[in-house]
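# A look at the structure
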Amino acid sequence: MMESGIPICKTCGEQVGLNSKGEVFVACNECNYPICQHCLDYEIKEDPLMHVFMKSECGHETGVHARNTSTVSTIDSEYMDDSGNPIWKNRVESWKDKKNKKSKAPKKDKKAEIVPSEQQMDDQPQSVDTSQALSRVIPIPKSQLTAYRAVIIMRLIILALFFQYRVTHPVDSAFGLWLTSVICEIWFAFSWVLDQFPKWCPINRETFIDRLYEREGEPSELAAVDFFVSTVDPLKEPPLITANTVLSILAVDYPVDKVSCYVSDDGAAMLTFESLVETADFARKWVPFCKKFAIEPRAPEFYFSQKIDYLKDKIQPSFVKERRAMKRDYEEYKVRINALVAKAQKTPDEGWIMADGTSWPGNNSRDHPGMIQVFLGNTGAHDTDGNELPRLVYVSREKRPGYQHHKKAGAENALIRVSAVLTNAPYILNLDCDHYVNNSKAIREAMCFFMDPQVGRDVCYVQFPQRFDGIDKSDRYANRNTVFFDVNMKGLDGIQGPVYVGTGCVFNRQALYGYGPSNLPTLPAKSSSSSCCCCCRKKPAKEKDFAETYHYDEHERSMLISQMSFEKTFGLSSVFIESTLLENGGVADSANPSTLIREAIHVIGCGYEEKTAWGKEIGWIYGSVTEDILTGFKMQCRGWRSIYCMPLRPAFKGSAPINLSDRLHQVLRWALGSVEIFLSRHCPLWYGFGAGRLMWLQRLAYINTIVYPFTSLPLVAYCTLPAICLVTGKFIIPTLSNLASVLFLGLFISIILTSVIELRWSGVSIEALWRNEQFWVIGGVSAHLFAVFQGFLKMLAGVDTNFTVTAKAADDGEFADLYVFKWTTVLIPPTTILIMNLVGVVAGFSDALNSGYESWGPLFGKVFFAFWVILHLYPFLKGLMGRQNRTPTIVVLWSVLLASVFSLIWVKIDPFVSTSDASAAAASCISIDC
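An unreviewed UniProt entry lists the protein under the name Cellulose synthase, with Salvia splendens as the source organism. The protein has a UniProt comment under Subcellular location (unreviewed entry) that states "Cell membrane".

The structure is reproduced here in structure tokens:
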């Protein structure tokens, strides 16, 4: 029989009950919101980050935390389950069941009941041995780190003294040159600070994949992973390369029921679809072969092309026979794929026709419906040994004229929604179509961080370094980016984690949904202490949006408002919204596959993202061609951290453009993205300061990623100064005193020492460091310069400028693509600078020979300055000359023309000659008797 006077819980409908003192239970003494103890405990578990201070009679404060959501209300939405019942009603029933179980359970010691709020999650899979850590940090040896920091500080002090000398000792005879050089040097010093100080705390990491808890014969408790592979044009991205990436994913060393591979075909090409049909069939043979003999890598093209002893460590007598048979099968598979490619070279007038005689829906790549096809998985074919294969899904999102599709970022967001509906793995790994899995245990490496109870709570993604095949041994154009991946990224890993680089990255799905980490510290409250937020949710800013809910009772109204809030954020799909609330992922066993496919088609509609937070606050962020930097930046601004994982065997390998023109255009695209971010609201110079969750050294690193293209402006000016000095006889530095000589010597020594110590703790070679320095100059005076102007034209004037690339010639043989030359306007500025400095050196020596012995001293500094420029541009010169030392006429013509015009204008103006000298020269010319 109910006791009178006891209020009813607004959540479960039962009485709130009594506390330990026999009094009516009160959750909050300020608002007296009626909620029972068990429902409150459930809310604490569900919402670990929203502070609620309940003042008890004894004066203690109990901190109740709720899940932090960046843009989403945390009240459950009222959508239906498969039985047609509202989800919140099912949740109430579960609360009642838990309440009954708790009332029957014996009371435990209070100390044993105290559990950190970060660990209070329902149904959290305990797939690790909690007595042992799954990873550890290996700090840089203290002797190296201390010396490294001391040299950085010393270099900073020397720079300050150097600039004090440079500013206080102007060159009056060449004031313009001196001022230009000082401004450039100050910018270079600022750029160095942005690049150097984020490397203040470099670390290494080690994983223990053998400690991942698995038992033979029992279901694996490893977390599921959804793989994303993106492709657009199969004629530019060969289907065979994409197929090798897919095959390496399907054969990964991970439980098959935990792996799903989603291939996004953003070009809706029938060639990609048909190649996946062939790939799914070949995978039935390839996957069991890989797992039987534990081969590496598991991409057949790269496995069979290895120049190694494949019999090493293979003791099974059947290996040789099966390997030969598998290689023969792969060659036949390649023939079928190449036949499809040859057939696709010319599109029929009536469009492509499928095998069943119907027209291919994607004949118009810009106007077609969404397409999904599941090839393998629970309902698909098994391998030749009768074992289940990982799920393989083909996805082509809907495209219609008049809609913004946002290129790769939009395709990735479509995959997020499709995968959430079909498999909903808690982790996502995205790969470019040309990046295959080189280490079959790479996913286990990432799980060592995500599933580590001490590390994984606040990890939004685990980034692997990019490694490449097919690059020339000398790495002429620094395609490997070794300094960035082995030095800068290790430095960032010691702060708040590495930046996201677009591929080879394992994400926490909840971080992509805009949620914050579970152990996020609470921000200071802006309201007074008398306000209460424990049970009263924050009201929407626009009450008029919810005016139609006023006739509901309070509980139903809060549910409806929450549903509307979720739909405004995630879109109009109750199935997808439900999946976002499942922190540990998964799809209900009772789900109807055909219903899920229809819902998946719905969420990839071209209008699904309209008036939602997709691309603004959740998923891959729109607004820049380098969506990777922007996406990772937004996550870390919410308080997440990232992890840099460098296994001994590279996790993934890809291909990179190795010829000069393609490499410069790749760098141009990256730099253009940085300029777009600089001019957007997400600029790290001002975005995210209010939350205070981004560490200041991490912010410096992000600032460096957006301002580095602007270094091209002072770099171009600085590289032209040697030629000007040699032609005019002027110099940017006055006659050096002893103090000035010491400062210059100290500056050079500090630069060398910084590089040497970086080489020691990072393991980078001297050649890689030098190539990086060379390409910093090459890219700075070409691609970065064009990116700055193109970025301003695009963002401020709305003019989208494209720099076309046209192939000219190619040579056969190994690394033949290295010698391919493609004409592009990006090549003109560095070629002009190179010719100007070469002409300046000749002019300087000619002047010294005519002027006598005393002119050789000043000439040395000018020539050294010019050779510094020429040596840095030497790989560019080799790229222009090609294998047969041939340079396209157009490049030489434009460069000589610009250099000649500049020289003639300079001789005519001669701005560095004083007025008195000019008058004297004019008088002497007049007095000449012709």
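There is more to say after this.
Now for the overall build of the protein. Looking only at helices and strands, one finds 28 helices and 17 strands in the protein. Within the protein, contacts between residues at least 6 apart in sequence are counted, and of these 78% link residues at least 24 apart. Entry remark: accessible area of the protein is about 44,400 Å², with carbon and sulfur atoms responsible for 58%.

Once that is clear, we can look at the packing of helix α12 (residues 482-493) against helix α21 (residues 738-762). Look at α12 against α21: their axes get within 10 Å of each other, and the N-to-C directions meet at 85 degrees. In terms of orientation, α12 lies roughly perpendicular with respect to α21. Counting all contacts with α12, which are made through Asp486, Val487 and Lys490, the residues of α21 involved are Glu758, Trp761 and Ser762. Each residue belonging to the contact of α12 with α21 can be placed in one class, and the counts come to two nonpolar, one polar and three charged.

Relative to the assigned elements, Lys258 resides in the loop between α6 (239-250) and β6 (259-265). Buried Lys258, no salt bridge; nearest opposite-charge side chain is Asp257, N-O distance 4.6 Å. Of note is the side chain of Lys258, whose polar atom sits 3.4 Å from the backbone oxygen of Leu222. Setting aside anything within four residues of it in sequence, one finds Lys258 in contact with Ser220, Leu222, Ala223, Ala224 and Val225.

Taken residue by residue, the protein gives an average pLDDT of 77. The fraction at 70 or more is 72%. The low-confidence segment residues 803-812, where pLDDT is below 50, has 29 contacts with residues more than four positions distant or belonging to other chains.

Taking 1.5 Å of rise per residue, 12 residues should cover 16 Å, and α6 covers 16 Å from first to last C-alpha, within 8% of that figure. Where burial is concerned, most of α6 is hidden: 11 out of the 12 residues are buried. The complete set of buried residues in α6 reads Pro239, Leu240, Thr242, Ala243, Asn244, Thr245, Val246, Leu247, Ser248, Ile249 and Leu250.

UniProt's entry tags Asp266 and Asp628 with the feature "active site" (unreviewed entry), counted in the numbering of this structure. Structurally, Asp266 can be placed in the loop between β6 and α7 (270-293). Residue Asp266 is classed as buried on the basis of its relative accessible area of 8%. The residues contacting Asp266, other than those within four sequence positions of it, are Thr231, Val232, Arg397, Lys399, Lys407 and Ala411. Its place among the elements puts Asp628 in helix α17 (residues 627-637). Asp628 has contacts with Tyr500, Val501 and Gly502, leaving out every residue within four places of it along the chain.

On to the pairing of strand β9 (residues 427-432). Within β9, five of the six residues are buried, leaving the element largely enclosed by the surrounding structure. Taken together, the six bridges between strand β5 (residues 225-231) and β9 define a ladder with parallel strand orientation. For Phe227, the partnering residue across the bridge sits in β9 and is Leu429. Relative to strand β13 (residues 505-508), β9 is paired through four bridges, and the arrangement is antiparallel. What sits directly across from Tyr427, in β13, is Asn508.

Side-chain alternation along strand β4 (residues 203-207) places Ile203, Arg205 and Thr207 on a buried face and Asn204 and Glu206 on a face that remains uncovered. Relative to β4, strand β3 (residues 135-139) runs antiparallel, the two being bridged by five bridges. Residue pairing across strands places Pro139 opposite Ile203, the latter belonging to β4.

Quick look at the nonpolar core now. In this structure, Val418, Phe507 and Phe576 are the most contacted members of the largest nonpolar core, which totals 139 residues. The biggest single contributor to this core is helix α4 (residues 142-168), with nine residues. By size, the runner-up hydrophobic cluster in this structure holds 72 residues, among which are Leu222, Leu431, Phe450 and Ile643.

What follows concerns the packing of aromatic side chains. Taken as a whole and assessed by the stated rule, the structure comprises 43 aromatic pairs. For the pair Phe162 and Phe163, a centre-to-centre distance of 5.4 Å together with 65 degrees between the ring planes defines the contact as edge-to-face. Note on Phe162: relative accessible area 5%, which makes it buried. With centroids separated by 6.2 Å and ring planes inclined at 70 degrees, the aromatic side chains of Phe188 and Trp776 adopt a geometry described as edge-to-face. One end of the pair, Phe188, is in helix α5 (residues 175-196); the other, Trp776, is in helix α22 (residues 766-780), with 588 residues separating them in the sequence. Judged by relative accessible area, which is 19%, Phe188 ranks as buried. Looking at Arg663, its charged tip hangs above the ring of Phe775, at a distance of 4.5 Å from the centre.

What counts, and where the lines are drawn
Residues numbered from 1 in each chain as written. Predicted model: local features only at pLDDT ≥ 70, side-chain atom pairs only at ≥ 80, totals over all residues. Heavy atoms only, no water. UniProt positions renumbered as here; feature names shortened; annotations may be inferred. Helix = DSSP H or I, 4+ residues; strand = E, 2+ residues; numbered from the N terminus. Contact = heavy atoms within 4.5 Å. Areas by Shrake-Rupley, 256 points an atom, 1.4 Å probe, with all protein chains shown as cover. Axes fitted to C-alpha atoms, helices over the stretch in contact; angles between N-to-C directions. Parallel < 35°, antiparallel > 145°, perpendicular 65-115°, else oblique. Nonpolar A, V, L, I, M, F, W, Y, C, P; charged D, E, K, R; others polar. Buried < 20%, exposed > 50% of the residue type's maximum accessible area, 1.4 Å probe, protein only. Lys, Arg positive; Asp, Glu negative; His and termini not counted. Salt bridge = Lys/Arg side-chain N within 4 Å of Asp/Glu carboxyl O. Polar contact = N/O pair within 3.5 Å; in protein donor to acceptor, adjacent residues only side chain to side chain. pLDDT = per-residue confidence, 0-100. Expected span 1.5 Å × (residues − 1). Pairing = 2+ DSSP bridges. Core = buried A, V, L, I, M, F, W, Y, C linked by side-chain atoms within 4.5 Å. Phe/Tyr/Trp six-rings, centres within 6.5 Å; stacked < 30°, edge-to-face > 60°. Lys NZ or Arg CZ within 6 Å of the ring centre and 35° of its normal.

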